[in-house]
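Architecture and fold: a report
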Amino acid sequence: MRLIPHWIAGAAVPGAATRRLPVWDPATGEQQAELAPATAAEVRTAVRAAADAYPGWRATGLSRRAEVMFRFRELVDANRKEIAAALSAEHGKTIPDALGEVARGLENAEFATGAPYLLRGGYSEQASSGVDVYSIRQPLGVVAGITPFNFPAMVPMWMFCNALVCGNTFVLKPSEKDPSVSLLLADLLRRAGLPDGVFNVVQGDKEAVDALIADPDVQALSFVGSTPVARAIYEAGTRAGKRVQALGGAKNHMVVLPDADVASAADAAVSAGYGSAGERCMAVSVVVAVGAVADPLVEAIAERVHKIRVGAASDPDAEMGPLISREHRDRVAGYLDAADTTARVVVDGRAATGDTGFFLGPSLLDRVPVDSPLYTDEIFGPVLSVVRVDTYEEALKLVNDNPYGNGTAIFTRDGGAARRFQYDAVCGMVGVNVPIPVPVAYYSFGGWKASLFGDLHMYGPDGIQFYTRTKVVTSRWPDPATSEVDLGFPKVR
Ligand code: NAD
């Protein structure tokens, strides 16, 4: 069985652990590779490599760091298809979807090339007589990223592009479910001119994460994944004195007002509900139909769901691929079993499960009760639930009472209603007639409530802030003529 290695100090390193984790091909259900999850000693080796590389990389000129990132951007651009194929082979998403992921990842490299501008400090001349005050932003040191299975290329790039250009060195712990693309990115960084040790990858699971949290040389942790793990990592990381941003799960509501264009809203709900088999943290999982729009909307969504072509990424006609694992597919199907008695199953995806691979067809549920696990749990699969309400206020209350606050969207032709929703929604990212409002790379990405633990969002300007700390210098050039002893607290004159 092919062993997927770590990447330490600029080279692939086979794992030494005897424990093995399988890497599946979700389209066939067969194992295609395995990894030897990093032990604490191997994590230590990777962190050591990053710590050794830090002084040299930090001292490297800003324009040289940006140049490396620019070259990396060019290499990712030139290798889009290869990266998309590699991630799709382990994740199962369709090639067009995988190419979209690469494009959204690439944006982060583009943004990071402009970091020298964003790293400028401030300068106040003559803050007191003969005294100047200025601020500078400095890197943190070794920082680590822990990433989920659903975006194995884009989410690491959310983190490392900014982290590296700010002068940090990086240890990535990718998802053990689709680990290979991290090595492809590591090799592109090497080819872009990144010195050995500046970017490292440790394959593994909780054991590797725990070792990163415990390592005193790791200054900061960026995490993206499910809410229980995000919360645990935030708590353990901050207790260990580290800076932590931990992005968690979601239950994204799409509110459709009675005046919305039904066809466009249905197109959006289907694209955002079933794209990537619903395994996106910004997937729409609940459509909140307000008033009389419900019947025509459910009908229009059902009509479209019936037409979705499910298949392997190797099938050029496939629009939706398999789920990530057999267990996850069965878990999602279990929700549908429960729906038989609690909701109206308008489209049932269980029939499309198939004998091979981890496939599950798209399902549409109507009149979902808000106290059932169908509504309260993050299902993370191709299941779209419709909840019917009478008023905008009831719809807003659902959005705001939900423990998650990643993304939400409103569909309406009323600009005033849309503006009110943008003002009222207790949620980190809002779409107005846009179902998946993932911000472009020059804004930052982050939810509220149980969708993010920490203060700063990820990538964009918040990313620069997260990966640097501010130092303020107060400076005077000595003037013997005015020098005197003064035991009072320093004051401005
Ligand atoms: P996950 O939480 O199971 O795993 C994420 C990472 O944490 C992986 O690298 C995994 O190896 C590691 N991990 C898992 N259990 C751990 C533990 N007990 N201790 C330490 N580390 C552990 O998430 P997943 O299944 O890979 O990804 C899907 C989840 O990620 C969904 O909940 C989705 O909403 C969320 N997600 C959120 C965002 C966001 O931006 N908010 C983006 C993508 C995915």
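Just so it is clear, the structure is predicted and the values come from calculations on it, not from any experiment. (Residues numbered from 1 in each chain as written. Predicted model: local features only at pLDDT ≥ 70, side-chain atom pairs only at ≥ 80, totals over all residues. Heavy atoms only, no water.)

1. Here's the deal with the nonpolar core
With 67 residues, the main nonpolar core has F72, I83, W158, F160, L164, F170 and F199 as its most contacted residues. Sort the elements by how many residues they give to this core and helix α6 (residues 154-165) lands first, with 10 residues. When residues are assigned to domains, this core turns out to be shared by domain 1 (3-248 + 451-473) and domain 2 (252-432), each giving three or more. The residues contacting I83, other than those within four sequence positions of it, are V76, V102, A153, V181, L184, L185 and L188. (Core = buried A, V, L, I, M, F, W, Y, C linked by side-chain atoms within 4.5 Å. Buried < 20%, exposed > 50% of the residue type's maximum accessible area, 1.4 Å probe, protein only. Helix = DSSP H or I, 4+ residues; strand = E, 2+ residues; numbered from the N terminus. Domains from an automatic or database assignment. Contact = heavy atoms within 4.5 Å.)

2. Some remarks on the packing of helix α2 (residues 62-78) against α6
Between α2 and α6, the least distance of the axes is 9 Å, while the angle of their chain directions is 150°. The orientation of α2 relative to α6 falls into the category roughly antiparallel. Residue-level contacts link L62, R65, A66, M69, F72 and V76 of α2 to M157, F160, C161, L164 and V165 of α6. The residue makeup of the contact of α2 with α6, split by class, is 10 nonpolar, no polar and 1 charged. (Axes fitted to C-alpha atoms, helices over the stretch in contact; angles between N-to-C directions. Parallel < 35°, antiparallel > 145°, perpendicular 65-115°, else oblique. Nonpolar A, V, L, I, M, F, W, Y, C, P; charged D, E, K, R; others polar.)

3. Quick word on α2
Between its terminal C-alpha atoms α2 stretches 24 Å, which fits the 24 Å expected from 17 residues at 1.5 Å a residue. Taken together, the buried residues of α2 touch α1 (40-59), α3 (80-91), α4 (95-113), α5 (115-118), α6 and α7 (180-191). (Expected span 1.5 Å × (residues − 1).)

4. Quick look at helix α12 (residues 326-342)
Taking 1.5 Å of rise per residue, the 17 residues of α12 would be expected to cover 24 Å, and the 25 Å separating its terminal C-alpha atoms lies within 8% of that figure. When we look at burial in α12, the residues that qualify are H328, R329, V332, A333, Y335, L336 and A339. With its buried residues spanning 140° around the axis, α12 presents them on a single face. Seen from the open side of α12, the exposed residues pointing more than 90 degrees away from its buried face are E327 and T341. Residues of α12 that are buried make contact with β15 (344-347), β16 (363-366), α13 (373-376) and β17 (383-389). (Arc of directions from axis to C-beta.)

5. Things to note about the environment of A313
Position of A313 among the secondary structure elements: in the loop between α11 (294-305) and α12. Exposure remark for A313: the relative accessible area of 23% places this residue in the partly exposed category. Between the C-alpha atoms of A313 and K173, which are 140 residues apart in sequence, the distance is 26 Å. Setting aside residues no more than four positions away along its own chain, A313 makes contact with S88, G92, K93, T94 and I95.

6. Description of the layout of surface pockets
In this structure, the largest pocket spans a volume of roughly 920 Å³. Lining the largest pocket are 40 residues, with P148, F223, G225, S226 and V229 positioned closest to its centre. Within the residue set of the lining of the largest pocket, elements represented by two or more residues are α6, α8 (206-214), β11 (218-224), α9 (227-239) and α12. Tallying contributions element by element places α9 first for the lining of the largest pocket, with 6 residues. The residue makeup of the lining of the largest pocket, split by class, is 21 nonpolar, 11 polar and 8 charged. Here the lining of the largest pocket gathers at least three residues from each of two domains, domain 1 (3-248 + 451-473) and domain 2 (252-432). Its volume calculated, the second largest pocket comes out at about 500 Å³. (1 Å grid on protein atoms, 1.4 Å probe; cavity = no way out; pocket = protein on both sides within 12 Å on 5 of 7 lines; lining within 4 Å. Points joined across faces, edges and corners; volume = space filled by probe spheres on them.)

7. Remarks on the sheet that holds strand β20 (residues 429-432)
With mixed pairing, the 7 strands of this open sheet are ordered in space as β15-β16-β17-β14-β13-β19-β20. Two strands close off the open sheet at either side, each with one partner strand: β15 and β20. Between one strand and the next, the sheet's axes are offset by a mean angle of 20°, whatever the strand orientation. As paired strands, β16 and β17 are joined by 3 bridges and run parallel to one another. Bridge pairing in β17 links L364 to L384. (Pairing = 2+ DSSP bridges.)

8. Considering the pattern of salt bridges
Scanning the model with the defined rule gives 31 salt bridges in all. The partner of E67 in a salt bridge is R64, with the nearest N and O atoms 3.2 Å apart. Separated by 3 residues within a single helix, E67 and R64 lie in helix α2, roughly one turn from each other. A salt bridge links R388 to D295; its shortest N-O distance comes to 2.9 Å. Within this pair, whereas R388 is found in strand β17, its partner D295 is found in helix α11, the two being separated by 93 residues in sequence. The partly exposed category is assigned to R388, whose relative accessible area is 25%. Linked by salt bridges that have partners in common, R44, R48, D52, D215 and D217 make up one network. (Salt bridge = Lys/Arg side-chain N within 4 Å of Asp/Glu carboxyl O.)

9. Looking at the site of the ligand
Taken together, 26 residues surround the ligand, and among them T147, K173, E176, S226 and E378 come closest. Residue T147 places a main-chain N or O atom 2.8 Å away from an oxygen atom belonging to the ligand. Interatomic distance of 2.7 Å between a side-chain N/O atom of E176 and an oxygen atom of the ligand. For the ligand, the protein covers 87% of the area, taking 840 Å² as the surface of the free molecule. Among the detected pockets, the ligand sits in the largest pocket. (Near = heavy atom within 4 Å. Polar contact = N/O pair within 3.5 Å; in protein donor to acceptor, adjacent residues only side chain to side chain. Areas by Shrake-Rupley, 256 points an atom, 1.4 Å probe, with all protein chains shown as cover. Sits in = over half its atoms within 2 Å of the grid points.)

10. Details of the pairing of strand β4 (residues 21-25)
Within a regular beta strand, the side chains point alternately toward one face of the sheet and then the other, so they alternate between its two faces. With 5 bridges joining them, β4 and strand β5 (residues 30-35) adopt antiparallel strand pairing. Across the sheet, L21 pairs through a bridge with L35, a residue of β5. Following β4, the chain reverses through 4 residues before pairing antiparallel with β5; G29 in that reversal takes a positive phi of roughly 80°.

11. Here's the deal with the domain arrangement of the protein
You can read the domains of the protein as domain 1 (3-248 + 451-473) and domain 2 (252-432). Distance from the C-alpha centre of domain 1 to the C-alpha centre of domain 2: 31 Å. Taken together, the 21 residues of domain 1 in the interface contact 22 residues of domain 2. Of the roughly 1,800 Å² buried between domain 1 and domain 2 on both sides combined, carbon and sulfur atoms contribute 61%. Here domain 1 and domain 2 share 1 salt bridge between them. R280 serves as the salt-bridge partner of D97, at 2.9 Å between the closest nitrogen and oxygen. Counting across the domain 1 and domain 2 interface gives 7 residue pairs in polar contact (both at pLDDT 80 or more). Put simply, the parts of the chain that give the side of domain 1 that touches domain 2 at least two residues each are β4, α3 and α4. For the side of domain 1 that touches domain 2, the element with the highest residue contribution is α3, accounting for 3 residues. (Buried area = accessible area lost by both parts, 1.4 Å probe.)

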